[in-house]
Every structure is written in structure tokens, then in C-alpha cells.
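Here is how the chains run, residue by residue.
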Amino acid sequence: MLPGMRNYQLPITNYVLRFAHYFPLLTLTLLASWPLLTGGLPTVGDGLIHFHRFAQLDWHFRHGDFYPRWFVNLHYGFGAPVFNFYAPLSYYIPLLFRLFNLPLAACLLLGYILAFGVAIFGVYYWVRDQFDSPLAGLTTTAAFGLSPYLYLNVLHRGAYPELWGLALAPWLLWSAHRLALNPHSRSLLTFVAFQSAIIITHPLSALIFSPIALFYLLALSLSAGNRHSARRVLGFWNLGFGLSLALTAFFTLPVLLESKDIQLFRTFLPGDLDYRNNFLTLSTLLSPPANFDPRLAFNAMPASLPWPQLALACIALLTSLRVQEHRPAILGFWILGFGICFLTLPASAPLWNTLPLARFIQFPWRLVGPASLFLAALAGLGLARLAPRHFGVWGL
């Protein structure tokens, strides 16, 4: 060995080991986004609407209007107050790719792909830290990144902002986990950043995941057996959520104060947008995913739970009966996952009727996305429990 070579060996080894954790995540991102890479930009459902909005934002941005509340070229030149009432952040992300003079369609397509990557990396870090297991984190990324609901959103609905809302949700839970373990200013600011981001990305996702994050925070604190810590964490959540609302007031205040002038009630008044007409049956919720044929004008793609994740989640529950490690988290995830699934069924209609903002969610089957996230986390832990202890750096 040459003199001084040993000094360089350790940094190089650390770099290789660090990249070894990223390589499977990048591979999963490529695999998850493969239908987009081969099929092109989604134009079904709301896909074209989001493309036209992105094109309008690009036009305004190039003319020096960096936050256009009014898109002047929409509606045959009469214009529309899109960003006065619709969350803007997901449309700004593809603008980064316009710096390389890429076509609009290619930039928006990269926005979809980047959302998959953000979701996969977020799920990995959240579950890895929650269960202290890289293998559980890696399995969860595959279980969620390849879940049927994500492809329902992309291939059937073209729901670009909602895809970004689901991509940011694991990061919100990751920041909540950090806040519960170390309630100090740095973790609070991280939580505020992701809470604010999800509000101005997809408010319906914020409406769903904000109470979930609160429940998650309190469950983590109470599982430690310290009520004083739970009170402190609750105070931090109140402060963090308040700061998030203050930071996003430029968007939320016009929505709250001026929505009456645009008949916002029409977003849930038609029969096909009324939550009472969009519950799932139990057989549909547990049905296998349907094949997608891009040559068809309409594909029947019911929102359903993935079977492999359900099986591995059951394994995680069964192992928790004999292994006490992570038992509170497993039970909490089961309560969250299947509690959310219950809200997609007609039996939950009385609960929906008592929640004043529930009608804005429109589709109870929209909750299959959050349920898939928690089932994926349980599936990751279930596979990690099955893996041998000598599984190397990926073991539990």
C-alpha cells in the first residue's frame, strides 16, 4: 500500500456505503415511474387541465409575473383567478426544468417523476427512523411506491397536485416523528416547512394528513409514558400548525374570504362529486388492481388496497403478539390504516355527515392513499421481522 493511501480508504468506503442505501431508492423511483417514461405525460382525467395551468404559469413567469393570481389567457382570453383559489406549489416545481429549455410537456412529466422520487425517499427515511430498520424502510418504499392508488391517481385521473400531496405526506410524518422525539426549534421548523408545503400543494391532502400527524405525534409521546412530554409536543404542534397557517396565509386567506364569490360549493354539489355517492364497497376495496390499457378512452380502475401489503401487515401484527418491540407503533398504524379504510365504506356515512369540511374531500375513496401508506409501513416491518438477523445493513 502506498504511503497515505490508508487515509483515503475510509472516506471512499463511507461514500460507497452511503450510496449503497441510495441506489435501491433510485432504482425503485425508476421502476415506479416506468409507466410514465414509456407512456408519456398523462392526458386523462385532469391531466390536460394541469398541463394548461402549467403552461400559463410558464408564460406569466417569462413575462415577469412570478405569482400570477389571474391567468389572463384562460377561458378564451377572459382569464381565470386560478392561483387565488388553487394551490400553486406543485406547478412551480416543473419550472426548474424550463431552465434547461425543455418542452413544457417534458417538464411536467419530470414533475410527475420527481413526485415519485420524493415519495419514495420520504417513506424510506420515515419508516427507517420509526422502526430503526433500513430493511423496513426499503420494503415500505416498494410497497407504497408501487401501490395501486398512486397509479390510479396518475394513469386514470391525472391528479398531479394530489400526487405531490401524497409525496409530501411521508416527509410530514417524518418531521412529526423528529418533533416527538426531540421537541426543539430545529425540529419544529422542519415540521412547519413540510406542513406549509403540503398546504400550498394540495389542501385536501393537508386536510387529511394534518389530523393524522397530530394523532401520530400524541401516540408517539404517550407511548413513551410521559404525559408532560405529550403536553409539550401538543403545544409544539399547535405552534407549528399556527406558523404554517401564517406562512401560507397568502393562499389560504383568499380561499377563505373570497370563495363565496366563485360558488365554491359547486365543487361538491354535483352528484358525481358528492361524497355520499362515492363510497366503496368492501369487495371493491379488497379487489385486485385492474389492468390499464392506454388505447381505451376509459379504464375502470377501482381504488383498492394491495394484497401483498395486507398480508405483510398481518404478519407484523401477529409478530407483535410475541415480540414487544415496536408493539405500540404497530397497533397505532393498524388503527390508523384500518380506521381510514373504514371511512371509505358506506357504514361511515354518519361520521362524514358530522364533519363540516368532509364534503370538500368529495371522494371517500381518496382515503385509500393514506391507508396504503400506513399499510405499506406495516408491510415493511412485517418483512423485516421475517428477515434473518444477519441480513447485513438492511436487517431489523
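Values in this document were obtained by computation on a predicted structure and should not be read as measured data. (Residues numbered from 1 in each chain as written. Predicted model: local features only at pLDDT ≥ 70, side-chain atom pairs only at ≥ 80, totals over all residues. Heavy atoms only, no water.)

Trainee: Quick rundown of the packing of aromatic side chains? Include the residues and the values.
Mentor: Taken as a whole, this structure holds 29 aromatic pairs when the rule is applied. With centroids separated by 5.9 Å and ring planes inclined at 35°, the aromatic side chains of Phe116 and Tyr151 adopt a geometry described as tilted. Within this pair, whereas Phe116 is found in helix 7 (residues 104-131), its partner Tyr151 is found in helix 9 (residues 148-157), the two being separated by 35 residues in sequence. Under the relative-accessibility criterion, Phe116 is labelled buried at 2%. With 5.9 Å between their ring centres and 90° between their planes, Trp126 and Phe374 make a pair best called edge-to-face. Of this pair, Trp126 sits in helix 7 while Phe374 sits in helix 19 (residues 368-386), placing them 248 residues apart in sequence. In textbook terms, an aromatic cluster arises when at least three aromatic residues are bridged by ring pairs, as seen for Phe61, Phe66, Tyr67, Phe71, Phe83, Tyr86, Tyr91, Tyr92, Tyr112, Tyr160 and Phe250. Here the guanidinium or amino end of Arg53 rests over the ring plane of Tyr86, the centre of that ring lying 4.3 Å away. (Phe/Tyr/Trp six-rings, centres within 6.5 Å; stacked < 30°, edge-to-face > 60°. Helix = DSSP H or I, 4+ residues; strand = E, 2+ residues; numbered from the N terminus. Buried < 20%, exposed > 50% of the residue type's maximum accessible area, 1.4 Å probe, protein only. Lys NZ or Arg CZ within 6 Å of the ring centre and 35° of its normal.)

Trainee: Give a description of a nonpolar patch on the surface that names residues and reports values.
Mentor: On the surface, a cluster of nonpolar side chains totalling about 390 Å² of accessible area is made up of Phe19, Tyr22, Phe23 and Leu26. Mapped onto the elements, Leu26 comes out in helix 1 (residues 5-32). (Patch = residues over 30% accessible without salt bridge, like charges linked within 9 Å, V, L, I, M, F, W, Y side chains within 5 Å. Areas by Shrake-Rupley, 256 points an atom, 1.4 Å probe, with all protein chains shown as cover. Salt bridge = Lys/Arg side-chain N within 4 Å of Asp/Glu carboxyl O.)

Trainee: How would you summarise the pattern of salt bridges if you had to cite specific residues and measurements?
Mentor: Taken as a whole and assessed by the stated rule, the structure comprises six salt bridges. When the shortest N-O distance is used, the salt bridge between Asp129 and Arg128 registers 3.1 Å. Relative accessible area serves as the criterion here: at 29%, Asp129 is assigned to the partly exposed category. Linked by salt bridges that have partners in common, Asp58, Arg62 and Arg98 make up one network.

Trainee: I'd like to hear about the nonpolar core, residue by residue, with values.
Mentor: Proteins that are soluble and globular tend to have nonpolar side chains buried together. By size, the foremost hydrophobic cluster in this structure holds 115 residues, and its most contacted members are Trp126 and Phe209. Top contributing element to this core by residue count: helix 7, with 16 residues. (Core = buried A, V, L, I, M, F, W, Y, C linked by side-chain atoms within 4.5 Å.)

Trainee: Provide a residue-level description of the side chain of Asp58, including the pertinent values.
Mentor: Tracing the backbone shows Asp58 in helix 3 (residues 47-62). In this structure Asp58 comes out as buried when scored by relative accessible area, which is 7%. With residues up to four places along the chain from it excluded, the contact list for Asp58 reads Leu95, Arg98 and Leu104. (Contact = heavy atoms within 4.5 Å.)

Trainee: Which residues make up the confidence of the model for the protein, and what values go with them?
Mentor: The predicted coordinates of low-pLDDT regions are not to be read in fine detail. Here the protein averages 85 in pLDDT, while 88% of its residues score no lower than 70. Mean pLDDT across the elements of the protein bottoms out in helix 1 (71) and peaks in helix 5 (residues 89-92) (96). Low pLDDT (under 50) marks residues 1-9, which in the prediction has two contacts with non-local residues, meaning those over four places away or in another chain. Note on residues 389-396: pLDDT under 50 across the span, and 21 contacts to partners over four residues away in sequence or across chains. (pLDDT = per-residue confidence, 0-100.)

Trainee: Which residues make up helix 10 (residues 160-181), and what values go with them?
Mentor: If you check helix 10, its first and last C-alpha atoms are 33 Å apart, about what 22 residues at 1.5 Å a residue would give, namely 32 Å. Of all the 22 residues making up helix 10, 20 are buried; the element is thus mostly covered by neighbouring parts of the structure. (Expected span 1.5 Å × (residues − 1).)

Trainee: Now, about helix 3: what can you tell me, with residues and values included?
Mentor: The first and last C-alpha atoms of helix 3 sit 23 Å apart over 16 residues, in line with the 22 Å expected at 1.5 Å per residue. Taken residue by residue, helix 3 has Gly47, His50, Arg53, Phe54, Ala55, Gln56, Leu57, Asp58 and His60 as its buried positions. On its buried face, helix 3 is in contact with helix 4 (82-85), helix 5, helix 6 (95-98), helix 7, helix 9 and helix 10. Positioned one or two residues after helix 3, Gly64 has a phi angle of 85°, which is positive.

Trainee: How would you explain the environment of Leu357 if you had to name every residue and give the values?
Mentor: Within the secondary structure, Leu357 sits in the loop between helix 18 (349-354) and helix 19. Taking the C-alpha atoms as reference points, Leu357 and Leu207, separated by 150 residues in sequence, lie 8.5 Å from one another.

Trainee: Summarise the packing of helix 8 (residues 134-145) against helix 19; cite the residues concerned and give the values.
Mentor: At a minimum axis separation of 7 Å, helix 8 and helix 19 run at an interaxial angle of 140°. One element, helix 8, and the other, helix 19, form an angle in the oblique class. For the element pair helix 8 and helix 19, the recorded crossing hand is right-handed. Contacts between helix 8 and helix 19 involve Leu135, Ala136, Thr139, Thr140, Ala143 and Phe144 from the first element and Gly369, Ser372, Leu373, Ala376, Ala377, Ala379, Gly380, Leu381, Leu383 and Ala384 from the second. Partitioned by chemical class, the residues of the contact of helix 8 with helix 19 number eleven nonpolar, five polar and no charged. (Axes fitted to C-alpha atoms, helices over the stretch in contact; angles between N-to-C directions. Parallel < 35°, antiparallel > 145°, perpendicular 65-115°, else oblique. Left-handed = near helix turned anticlockwise from the far one by under 90°. Nonpolar A, V, L, I, M, F, W, Y, C, P; charged D, E, K, R; others polar.)

Trainee: Give me the lowdown on the side chain of Ser187, citing residues and values where you can.
Mentor: Looking at where Ser187 falls in the secondary structure, it is placed in helix 11 (residues 185-199). Separated by 2.5 Å, the side chain of Ser187 and the backbone oxygen of Asn182 make a polar contact. Of note is the side chain of Ser187, whose polar atom sits 3.0 Å from the backbone oxygen of His184. Setting aside anything within four residues of it in sequence, one finds Ser187 in contact with Arg178, Leu179 and Asn182. (Polar contact = N/O pair within 3.5 Å; in protein donor to acceptor, adjacent residues only side chain to side chain.)

Trainee: Describe unusual backbone geometry, with residues and values.
Mentor: A positive phi angle, near 60°, is found at Tyr76, a position not held by glycine. Summarising the element assignment, Tyr76 is placed in the loop between helix 3 and helix 4. Tyr76 gets classed as exposed once you look at its relative accessible area, which sits at 85%. Phi is positive for Asp132, which is not a glycine, with a value near 55°.

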